[in-house]
Amino acid sequence: MHKAERSFFKKVLGSVMLLSVELIAVWGVLLVSVLTFLLLSREIFIQDQEGFDGQVFEFLNEYITTSNTHIMKMFSFLLPSIL
């Protein structure tokens, strides 16, 4: 009976330890995500730095055409129904 109890205790302890490691990993990813969001929000809204946005829009300006817009609208409506 002692061996069965000890084996059960080891299984439970192993499961709790695995759950703890998973929770630490999830909390780590969440923390990195929140910090990245705060950094980007500060840069965009508080420091009002839109230089990168301007560069991207300027680069993509030559690709903005009526036909490309129609193609992108088609993908926007078709892909959600496929996925």
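Here the structure is a predicted model, which is why all the values come from computation and not from measurement.

> I'd like to hear about the overall build of the protein, residue by residue, with values.
Looking only at helices and strands, one finds three helices and zero strands in the protein. Helices and strands in the protein line up, N terminus first, as α-α-α. For the protein, whose C-alpha radius of gyration is 25 Å, the value lies well above the compact-globule estimate of 12 Å for 83 residues. Summed over its atoms, the accessible surface of the protein is roughly 8,200 Å², and 73% of this surface lies on carbon and sulfur atoms.

> Break down the side chain of Ser41 for me, citing the residues and quoting the values.
Within the secondary structure, Ser41 sits in helix α1 (residues 2–46). For Ser41, the side chain forms a polar contact with the main-chain oxygen of Phe37, separated by 2.8 Å.

> So, the environment of Ala25: which residues are in play, and what are the values?
Position of Ala25 among the secondary structure elements: in helix α1. When the C-alpha positions of Ala25 and Lys10 are compared, they lie 23 Å apart, and in sequence the two are 15 residues distant.

Rules used throughout
- Residues numbered from 1 in each chain as written.
- Predicted model: local features only at pLDDT ≥ 70, side-chain atom pairs only at ≥ 80, totals over all residues.
- Heavy atoms only, no water.
- Helix = DSSP H or I, 4+ residues; strand = E, 2+ residues; numbered from the N terminus.
- Rg over C-alpha atoms; globule rule 2.2 N^0.38 Å.
- Areas by Shrake-Rupley, 256 points an atom, 1.4 Å probe, with all protein chains shown as cover.
- Polar contact = N/O pair within 3.5 Å; in protein donor to acceptor, adjacent residues only side chain to side chain.

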